[in-house]
Amino acid sequence: MAKVVIISGSPTPTSRLHGVIEVAKSELLQAGLEVDWIKVRDLPAEDLLYAKFDSEAIVDASKRVAEADAVFVATPVYKASYTGVLKAFLDLLPQKGLERKIVLPLAVGGTYAHLLAIDYALKPVLSVLGAQNILQGVYVLDKQVTWGDQGQAILDDEITSRLKESVTEFIQEIKWHTSR
């Protein structure tokens with residue numbers, strides 16, 4: 001069974017990003033993929049800030065990424081870029097930590113002015129980490145995600161369609177890659 005690891009760079013547990021990830025995760029599970037979720041905010045802050053490559057938590061998270069066939073990297077956009085907590089974690093991955101992995105980036109931001117944060121901020125770092133198969137990213141506006149009475153994320157129709165299309169392509173790439 002192919003394995004996907006989700007890396008979430010959100011500093012808060014109940015962000016819109018979290019809601020969008022839940023929708024994507026559901027699609028991945030329905031496709032029969034094994035899904036693991038690294039919430040970077042749950043890693044020890046001191047290990048991230050002081051670049052403790054040898055900390056047990058960082059070694060474990062890096063191992064989970066290494067064992068994955070594909071990586072879903074998700075972040076809110078702050079100041080036209082991905083979060084600092086995500087950068088701190090990506091800095092601790094091995095130099096070629098994303099080599100031979102299919103990567104799908106996703107960002108949630110407040111305005112279309114930050115639409116290119118995926119292409120100009122996140123993708124170069126993913127590329128430096130060895131990712132060669134980086135799929136077209138998904139950018140979601142804050143206003144496209146609301147919360148239902150049961151605490152579930154409700155995505156507007158346009159973003160639901162784009163997200164499902166991108167996740168479907170991600171799944172097809174993973175299955176093709178792992179069947180070779």
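Heads up: the structure comes first, above all this text.
Residues numbered from 1 in each chain as written. Predicted model: local features only at pLDDT ≥ 70, side-chain atom pairs only at ≥ 80, totals over all residues. Heavy atoms only, no water.

A. Examining the overall build of the protein chain more closely. Tallying secondary structure elements over the protein chain gives 6 helices and 8 strands in all. In the protein chain, the order of α-helices and β-strands from amino to carboxyl end is β-α-β-α-α-β-α-β-α-β-β-β-β-α. Relative to the globule expectation of 16 Å for 180 residues, the C-alpha radius of gyration of the protein chain, 15 Å, shows essentially globular dimensions. Its C-alpha atoms put the protein chain at 45 × 40 × 30 Å along the principal axes. Burial status across the protein chain gives 49% buried among its 180 residues. Counting only contacts in the protein chain whose residues sit at least 6 apart along the sequence, the fraction spanning at least 24 positions is 78%. Accessible area of the protein chain: about 9,000 Å², with a carbon and sulfur share of 50%. The distance from the centre of the 19 positive side-chain charges to the centre of the 23 negative ones in the protein chain is 2 Å. (Helix = DSSP H or I, 4+ residues; strand = E, 2+ residues; numbered from the N terminus. Rg over C-alpha atoms; globule rule 2.2 N^0.38 Å. Buried < 20%, exposed > 50% of the residue type's maximum accessible area, 1.4 Å probe, protein only. Contact = heavy atoms within 4.5 Å. Areas by Shrake-Rupley, 256 points an atom, 1.4 Å probe, with all protein chains shown as cover. Lys, Arg positive; Asp, Glu negative; His and termini not counted. Charge placed at Lys NZ, Arg CZ, Asp CG, Glu CD.)

B. Spatial organisation of the pattern of salt bridges. Following the criterion strictly, the structure yields 11 salt bridges and no others. Notably, a salt bridge pairs R41 with D42, separated by 3.9 Å at the nearest N-O pair. Judged by its relative accessible area of 56%, D42 falls in the exposed class. Note that E46 and K52 form a salt bridge whose closest N and O atoms lie 2.7 Å from each other. Salt bridges linked by common partners bring K3, K63 and E67 together as one network. (Salt bridge = Lys/Arg side-chain N within 4 Å of Asp/Glu carboxyl O.)

C. Looking closely at helix α5 (residues 117-128). For α5, built from 12 residues, the straight-helix expectation of 16 Å at 1.5 Å per residue is met to within 8% by its first-to-last C-alpha distance of 16 Å. Inspection of α5 places A117, I118, A121, L122, K123, V125 and L126 among the buried residues, and these make up the whole buried set. In this structure, the buried residues of α5 make contact with β3 (70-76), α4 (84-92), β4 (102-109), β5 (133-134) and β6 (138-141). G130 occupies a position one or two residues after α5 and carries a positive phi of about 100 degrees. (Expected span 1.5 Å × (residues − 1).)

D. Expanded view of the packing of aromatic side chains. This structure, assessed with the given rule, holds 1 aromatic pair. K39 extends its terminal NZ or CZ atom over the ring of W37, reaching a point 4.5 Å from the ring centre. (Phe/Tyr/Trp six-rings, centres within 6.5 Å; stacked < 30°, edge-to-face > 60°. Lys NZ or Arg CZ within 6 Å of the ring centre and 35° of its normal.)

E. Highlighting the packing of helix α1 (residues 16-30) against helix α6 (residues 157-179). Following both chains from N to C, one finds α1 and α6 inclined at 40 degrees, their axes separated by 10 Å at the closest point. Between α1 and α6, the angle falls in the class oblique. With respect to the hand of their crossing, α1 and α6 are arranged in right-handed fashion. Counting all contacts with α1, which are made through V20, V23, A24, E27 and L28, the residues of α6 involved are L163, K164, V167, F170 and I171. Tallied by class, residues from the contact of α1 with α6 come to 8 nonpolar, no polar and 2 charged. (Axes fitted to C-alpha atoms, helices over the stretch in contact; angles between N-to-C directions. Parallel < 35°, antiparallel > 145°, perpendicular 65-115°, else oblique. Left-handed = near helix turned anticlockwise from the far one by under 90°. Nonpolar A, V, L, I, M, F, W, Y, C, P; charged D, E, K, R; others polar.)

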